[in-house]
Structures are given as C-alpha cells and as structure tokens.
Amino acid sequence: MAFSKVKFSFIVTILLLSSTTLLAHPGSGWGGPSGSGSFGLFPEFYQFSCPQANDIVMSVLRKAIAKDSRMAASLLRLHFHDCFVQGCDASLLLEDSAKIVSEKNSVPNKNSLRGFEMVDEMKASLEDACPQTVSCADILALAARASTVLSGGPNWELPLGRRDSKTASLSGSNNNIPPPNSTIQNLITFFKRQGLNEVDLVALSGGHTIGVARCVTFKQRLYNQNGNNQPDQTLEKNYFLDLKSACPGSGGDNNISPLDLASPAKFDNYDFKLLLWRKGLLTSDEVLYTGKVGKTIHLVKRYAEDEGRFFEHFAKSMVKMGNISPLTGFHGEVRKNCRLVN
Ligand code: HEM
C-alpha cells in the first residue's frame with residue numbers, strides 16, 4: 001500500500017516536471033509548436049489522477065444537449081474565446097472581483113457567450129470524482145472536443161495538462177477575437193498573431209457548422225454593407241430576403257439565425273457548401289471564399305467537396321489552437337471554482 005502510494009506520487013512528480021521542462025523547451029519530446037501535444041501537454045495527463053475526466057465531461061454534455069441542442073455549439077465557442085486571449089488558461093471564466101476585470105464583458109463576449117453553467121456542472125462532478133485535479137482550461141478543451149463528437153464531427157487525441165490563470169484580460173478579449181465583419185486580411189492577421197495559419201483559419205471557421213448568430217452580428221450585410229446603404233451583393237437573393245425578415249432594419253438585434261441553415265445541429269461540411277452557394281451568414285465566413293486570397297478560396301472548395309479532409313484538418317487545427325500558450329507545470333493553478341481564483 002505504502003509502496004504504491006510512493007510510486008503514484010513519483011509518477012505525478014515526473015509528469016509535472018516533464019510538463020515544466022517541455023514548457024521551457026517546446027521543441028523537445030512532444031513535437032514542435034504545430035505538432036500534436038507540444039508545450040508539455042499530453043493526452044495521458046489524467047491517466048492516473050482522474051481517468052474518468054473525459055467520461056464525466058461527455059456525460060454532462062450529453063444530458064445538456066438532449067435538453068438544448070445548441071449547447072454543443074456554445075461550448076465549442078468558449079474554448080476558442082478562451083484560447084485567443086492570453087492562451088488556453090480559462091481566463092475567460094473568471095468573474096469580476098477586486099483583482100479581476102472579467103472577459104465576459106468584452107464586446108465579442110457580452111450577451112453572446114453561453115454555457116458557463118454547464119462548465120460549472122462539469123467542474124462540480126469532476127471535483128466530486130477527483131478533487132482539485134482537472135483544470136478549468138482542460139474542461140473547456142474536453143468540452144470542445146465532446147461538442148464536436150456528440151454533434152457528429154471528428155474525434156482527436158487531446159493533449160491535456162493546462163493549468164488555470166490567476167488573471168484575465170478584458171482588453172485582450174476586445175483586441176484579439178476577430179469581429180464578424182472582418183476582411184480576409186484581418187482574419188489572417190488575427191490568426192497569425194496566435195501562431196495559426198490560413199489552413200487553421202478556414203478549418204476552424206468550419207466550427208460554424210453548428211450554432212447560431214444574433215441579428216446584430218450580420219445586420220450590416222442586409223442594410224448597409226459598405227456605408228452606402230446597400231446590402232452585401234455577395235448574398236444569394238432568396239437567402240437575403242429570408243434573413244431580412246428574421247432581422248429587421250430596426251430592432252430585433254437579438255433574433256437568432258442558424259450559422260449553417262442546412263443542418264444547424266449537425267457537425268458536417270454544409271457550411272462550406274453554403275459558402276459556395278453564397279448563403280454564409282457571417283461576413284467573416286463569406287470572405288474566406290469571396291476575399292480574393294487563393295489559399296482560402298481553394299480550402300473552402302476542398303472542404304465543401306471532401307468532408308473527410310475538413311474533419312481531418314479541423315481536428316489538427318483544434319489541437320493547435322488548444323496549444324496556444326498554456327500554463328503548465330508549476331505555473332497558474334487548478335481552480336476549485338472556475339469562476340474564481342483560489
Ligand atoms: C474566424 C473568426 C471568427 C469569427 C469572426 C466568429 C464570429 C462569430 C460570431 C459573430 C458568432 C455569433 C455570436 C452572437 O450571435 O452573439 C459566432 C458563433 C459561433 N462561433 Fe464563431 N467566429 C470565428 C471563429 C470561430 C472558431 C474558431 C470557432 C470554433 C472552432 C467558432 C465557433 C462558433 C460557434 C460554435 C458559434 C455558435 C455559438 C452558439 O450558438 O452559441 N467560431 N462566431
């Protein structure tokens with residue numbers, strides 16, 4: 001008994017140390033920055049300390065989706081909004097307090113993000129099963145993968161071991177999450193800043209195969225795309241008319257429309273087909289095809305034709321996004337409550 005305890009803490013120490021070492025030497029051991037598991041994260045991180053972590057996340061999400069199919073989309077988006085602001089460190093989840101200015105009130109997040117109660121529920125179940133072990137940042141990464149899988153999308157080996165930040169950045173959230181009316185050049189720049197390339201941009205935009213957007217995020221396209229009171233000429237006529245009735249010129253800002261009108265709750269490649277048919281909801285998606293950058297145009301066509309290729313690239317790019325500047329080893333902490341620093 002005593003021996004196995006010693007052995008267990010030895011393994012945990014080795015795991016912690018290896019993640020710290022790899023943070024200092026990201027090229028060693030687990031692949032380079034674009035490989036699967038860089039920066040000291042690795043899929044077996046909870047193998048001994050909380051082997052049921054993924055099952056718990058999957059089971060909470062499965063129940064939530066049965067009540068509200070949009071929940072998968074909302075949780076997938078949380079991981080993106082977390083990772084683009086000071087890395088995948090659950091800074092997104094912190095509430096306002098004496099020391100924290102919450103990212104939840106940024107322009108891209110306020111009145112928009114949802115699913116925080118679901119993260120609390122996952123955390124509570126994980127705390128029951130394995131107290132103070134699974135970080136909130138890893139919960140977001142596990143939930144994003146679970147959302148994809150439970151909606152019919154690809155699965156992937158998910159590097160784990162992220163720790164939680166003790167800080168948040170409201171300005172980082174306002175400045176690093178691309179707005180929906182972005183030009184293709186802006187999108188490329190925002191992604192490049194995070195170490196992500198054009199393939200990642202197009203593949204990850206495929207996350208818009210599930211979920212919805214509020215009228216306020218695409219209204220400009222219907223009434224005044226270029227400041228001349230004219231709609232976006234790239235919108236297909238009938239789709240344009242449907243959107244106008246869902247999103248009137250004044251009021252209705254919180255009315256919602258599906259991002260992928262063909263299959264809003266199914267993770268598939270229809271959102272890319274819709275772009276070819278000029279039925280993409282957000283400008284930021286449409287410009288991947290109309291924005292005159294050969295590489296992104298080619299990828300949109302490719303993914304529209306070949307769902308398998310889209311799934312493969314999406315999975316790879318999710319791992320890459322999930323590797324953005326994680327806190328590992330002795331940095332940060334494992335929060336007890338995802339909304340508060342310990
Ligand atoms: C490329 C830049 C991106 C832009 C400009 C963008 C913008 C948006 C906007 C404006 C909405 C609707 C928000 C609202 O109505 O309040 C949205 C929803 C969503 N986004 Fe993105 N997004 C981007 C990338 C991504 C990425 C990388 C992912 C995940 C891999 C993602 C996943 C989602 C999902 C799943 C929803 C629906 C959420 C729900 O229904 O609750 N987005 N996005």
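Calculation notes
Residues numbered from 1 in each chain as written. Predicted model: local features only at pLDDT ≥ 70, side-chain atom pairs only at ≥ 80, totals over all residues. Buried ≥ 20, exposed ≤ 12 C-beta atoms within 10 Å, placed from the backbone. Helix = DSSP H or I, 4+ residues; strand = E, 2+ residues; numbered from the N terminus. Near = placed C-beta within 6 Å. Nonpolar A, V, L, I, M, F, W, Y, C, P; charged D, E, K, R; others polar. Domains from an automatic or database assignment. Axes fitted to C-alpha atoms, helices over the stretch in contact; angles between N-to-C directions. Parallel < 35°, antiparallel > 145°, perpendicular 65-115°, else oblique. Contact = placed C-beta atoms within 7 Å. Core = buried A, V, L, I, M, F, W, Y, C linked by C-beta atoms within 7 Å. Left-handed = near helix turned anticlockwise from the far one by under 90°. UniProt positions renumbered as here; feature names shortened; annotations may be inferred. pLDDT = per-residue confidence, 0-100.

Student: Mind showing me how you'd approach helix 12 (residues 283-290) here?
Tutor: Across the 8 residues that make up helix 12, a large majority, 7, are buried. Turning to helix 12, its buried residues are T283, S284, D285, E286, V287, L288 and Y289. K292 sits one or two residues past helix 12 and shows a positive phi near 60°.

Student: For this particular structure, what's the right way to read the site of the ligand?
Tutor: Around the ligand lies a shell of 25 residues, among which S112, G207, G211, A213 and R214 are the nearest. Listing elements by their share of the shell around the ligand, those giving two or more residues are helix 3 (71-83), helix 8 (198-205) and strand 1 (212-214). Broken down by element, the shell around the ligand gets its largest block of residues, 5 residues, from helix 3. When grouped by side-chain class, the residues that make up the shell around the ligand number 12 nonpolar, 9 polar and 4 charged. Mapping the shell around the ligand onto the domain boundaries places at least three of its residues in each of domain 1 (2-175) and domain 2 (178-320).

Student: Got a minute to help me understand the packing of helix 8 against helix 14 (residues 307-322) in this structure?
Tutor: Helix-helix packing: each pair is described by the crossing angle between the helix axes and the interaxial distance. Relative to each other, helix 8 and helix 14 sit at 110°, their axes nearing to 8 Å. Relative to helix 14, the element helix 8 lies roughly perpendicular. Here helix 8 contributes V199, D200, A203 and L204 to the contact with helix 14, which in turn contributes F310, H313, F314, S317, K320 and M321. Among the residues making up the contact of helix 8 with helix 14, the classes are represented as 6 nonpolar, 2 polar and 2 charged.

Student: Got a minute to help me understand the environment of N224 in this structure?
Tutor: Relative to the helices and strands, N224 resides in the loop between helix 9 (219-223) and helix 10 (237-246). Counting along the chain gives 25 residues from N224 to G249, while the straight-line C-alpha distance between them is 9.9 Å.

Student: For this particular structure, what's the right way to read the nonpolar core?
Tutor: Soluble, globular proteins show a tendency: their nonpolar side chains are buried together. Formed by 72 residues in total, the largest nonpolar core has its most connected members in V57, L75, M122, I139, L140 and A143. The greatest single-element share of this core, amounting to 9 residues, is contributed by helix 5 (residues 136-150). Residues from two domains meet in this core; each of domain 1 (2-175) and domain 2 (178-320) gives at least three. Ignoring anything within four residues of it in the chain, the contact list for V57 reads M122, I139, L142, A143 and A146.

Student: Can you help me understand the packing of helix 8 against helix 13 (residues 294-305) in this one?
Tutor: Interhelical geometry of helix 8 versus helix 13 gives an angle of 40° and a closest axis separation of 10 Å. With respect to helix 13, the axis of helix 8 lies oblique. As helix 8 runs across helix 13, the sense of the crossing is right-handed. Residue-level inspection shows E198, V199, L201 and V202 of helix 8 in contact with helix 13, the latter providing K295, T296, L299, V300 and Y303.

Student: When you look at helix 8 in this model, what are you seeing that I'm missing?
Tutor: Helical periodicity: at 3.6 residues per turn, an α-helix aligns residues three or four positions apart in one direction. Taken as a whole, helix 8 has its buried residues at D200, L201, V202, A203 and S205. As for helix 8, its buried residues are in contact with helix 7 (184-193), helix 12, helix 13 and helix 14.

Student: In this structure, what is going on with the UniProt feature "site: Transition state stabilizer" (unreviewed entry) in the protein? I would like to understand it.
Tutor: Per the UniProt record, "site: Transition state stabilizer" (unreviewed entry) is annotated on R77. Mapped onto the secondary structure, R77 falls in helix 3. R77 gets classed as buried once you count the C-beta atoms within 10 Å, which come to 22. Ignoring sequence-local partners within four residues, the contact set of R77 consists of L113 and G211.

Student: Help me understand the confidence of the model for the protein, please; the structure alone is not making it clear to me.
Tutor: The predicted coordinates of low-pLDDT regions are not to be read in fine detail. In this model, the protein carries a mean pLDDT of 91, and residues with pLDDT of at least 70 account for 89%. Counted against residues more than four places away or in other chains, residues 1-38, with its pLDDT under 50, gives 46 contacts.

Student: For this particular structure, what's the right way to read unusual backbone geometry?
Tutor: Both trends apply: most residues other than glycine have a negative phi, and most peptide bonds are in trans. Residues other than glycine seldom take positive phi values, yet N111 does so here, at roughly 60°. Turning to its location among the elements, N111 is positioned in the loop between helix 3 and helix 4 (116-129). Within the chain, Q132 stands out as a residue other than glycine whose phi angle is a positive 50°. Residue position: Q132 is located in the loop between helix 4 and helix 5.

Student: In this structure, what is going on with the environment of F218? I would like to understand it.
Tutor: Along the polypeptide, F218 turns up in the loop between strand 1 and helix 9. Sequence separation between F218 and L243 is 25 residues, and the spatial gap between their C-alpha atoms is 9.3 Å. Beyond its immediate chain neighbours, meaning those up to four positions away, F218 contacts P180, A213, C247, L281 and L282.

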